[in-house]
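So you can see what is in the structure, the chains are spelled out below.
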Amino acid sequence: MKQQEARPNPDPVDARLGDRLAELRAERGWSLGELAERSGVSKSTLSRAERAETSPTASLLNRLCAVYGRTMSQLLSEVEAAPARVVRAADQQVWEDPAAGFVRRSVSPPHAALRGELVEGRLAPGADVAYDRPPVPGLEQHLWILEGELDVTDGETEHHLTVGDCLRMRVWGATRFRCAGPRAARYVLAVVLP
């Protein structure tokens, strides 16, 4: 069986993210098998993400954030330099899940002294991103639609949102974000830790 080769030049963010994921697992003294059991993600996928052989998906990061008790922004901020009080547009961290048609900009990244953050999300037409659990149970979210239409499912409740609408929710279970219209959806997500 041919061993898969590492990407010759992994994306720098993916490389730092892989290193941080490996550190988090090591801090807890977990094997890949233990993390796989806790997260529901295969050992091979976890290993490839830690070695930056693949760019992790939003769904994978969400599962790992739930296991490690972090929001996705907290995890992503841990692979950046220390956050500044003013975050210039050119310095805002952008992360993409091309397979899902999802782009995430950390407008106001998390900070140890603050409980809230702002995220800009963009979903391509037809994009559908589902999370099986929140990264932190009881996470407060305020979702404001700037462009397009978005169907958001929170547990059993589906909300159809259009430009200007704002959905406020505490997330305890599964959520789903689907671009419902013919154009891309763009939104602001305010996230507040419980």
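These lines cover the structure that appears in this document, whether it is placed above or below. On a predicted model such as this, the values are computed, not experimentally measured, just so you know. (Residues numbered from 1 in each chain as written. Predicted model: local features only at pLDDT ≥ 70, side-chain atom pairs only at ≥ 80, totals over all residues. Heavy atoms only, no water.)

Interhelical geometry of helix α2 (residues 32-39) versus helix α3 (residues 43-50) gives an angle of 110° and a closest axis separation of 9 Å. In terms of orientation, α2 and α3 fall into the roughly perpendicular class. For α2 against α3, the interelement crossing comes out right-handed. In this structure, α2 contributes L32, G33, L35, A36 and S39 to the contact, and α3 contributes K43, L46, S47 and E50. In terms of residue class, the contact of α2 with α3 is built from four nonpolar, three polar and two charged. (Axes fitted to C-alpha atoms, helices over the stretch in contact; angles between N-to-C directions. Helix = DSSP H or I, 4+ residues; strand = E, 2+ residues; numbered from the N terminus. Parallel < 35°, antiparallel > 145°, perpendicular 65-115°, else oblique. Left-handed = near helix turned anticlockwise from the far one by under 90°. Contact = heavy atoms within 4.5 Å. Nonpolar A, V, L, I, M, F, W, Y, C, P; charged D, E, K, R; others polar.)

For α2, the full list of buried residues reads L35, A36 and S39. Here the buried residues of α2 occupy an arc of 105° about the axis, which is enough to place them on one side. Of the surrounding elements, those touching the buried residues of α2 are α1 (12-28), α3 and α4 (58-68). Where α2 terminates, the next one or two residues include G40, which has phi positive at roughly 80°. (Buried < 20%, exposed > 50% of the residue type's maximum accessible area, 1.4 Å probe, protein only. Arc of directions from axis to C-beta.)

Quick look at the nonpolar core now. Core analysis: the largest hydrophobic core is formed by 43 residues, its most contacted members being L123, L143 and L150. The element best represented in this core is α4, accounting for seven residues. Those residues within four positions of L143 in sequence are excluded, and the remaining contacts are L150, V152, L161, D165, C166, L167, F177, Y187, V188 and L189. (Core = buried A, V, L, I, M, F, W, Y, C linked by side-chain atoms within 4.5 Å.)

Attention now moves to the packing of aromatic side chains. Tallied over the full model, the rule gives four aromatic pairs. Between Y131 and F177, the aromatic rings sit 6.1 Å apart at their centres with planes inclined by 75°, giving edge-to-face as the arrangement. Within this pair, whereas Y131 is found in strand β4 (residues 128-131), its partner F177 is found in strand β9 (residues 175-179), the two being separated by 46 residues in sequence. Residues Y131 and F177 agree in their burial class; the two are buried. Between F177 and Y187 the ring centres are 6.3 Å apart and the planes differ by 15°, which places this aromatic pair in the stacked class. On the criterion of sequence distance, the pair formed by F177 in strand β9 and Y187 in strand β10 (residues 185-192) is long-range, its members being 10 residues apart. By relative accessible area, F177 is classed as buried at 6%. Taken together, the ring pairs connect Y131, F177 and Y187 into an aromatic cluster. (Phe/Tyr/Trp six-rings, centres within 6.5 Å; stacked < 30°, edge-to-face > 60°.)

All right, on to the environment of P134 then. For P134, the position within the fold is in the loop between β4 and β5 (139-147). Put simply, P134 and L193 are 59 residues apart on the chain and 11 Å apart in space, counted from C-alpha to C-alpha. Not counting residues within four places of it along the chain, the set of residues in contact with P134 comprises N62, A66, V171, W172 and G173.

The subject of this paragraph is the sheet that holds β10. Pairing in this open sheet of six strands is antiparallel, and the strands run β1-β2-β3-β10-β5-β8 from one edge to the other. The outermost strands of the open sheet, each flanked by one partner alone, are β1 (93-97) and β8 (166-171). Across the sheet, the mean angle separating the axes of adjacent strands is 20° when strand polarity is ignored. Pairing of β5 with β10 involves seven bridges; the strand directions are antiparallel. Bridging across to β10, W144 finds its partner in V188. (Pairing = 2+ DSSP bridges.)

Moving on, we get to unusual backbone geometry. Within the chain, A52 stands out as a residue other than glycine whose phi angle is a positive 60°. On the secondary structure map, A52 appears in the loop between α3 and α4.

Spanning 17 residues, α1 covers 25 Å between terminal C-alpha atoms, matching the ideal 24 Å at 1.5 Å per step. Every buried residue belonging to α1 is among V13, D14, L17, G18, R20, L21, L24 and R25, and all of these are buried. Buried positions in α1, seen along its axis, are confined to an arc of 165° and lie on one side of it. Away from the buried face of α1 by more than 90 degrees, exposed residues A26 and E27 are located. Turning to α1, the residues buried within the fold contact α2, α3, α4, α5 (72-77) and β1. Where α1 terminates, the next one or two residues include G29, which has phi positive at roughly 70°. (Expected span 1.5 Å × (residues − 1).)

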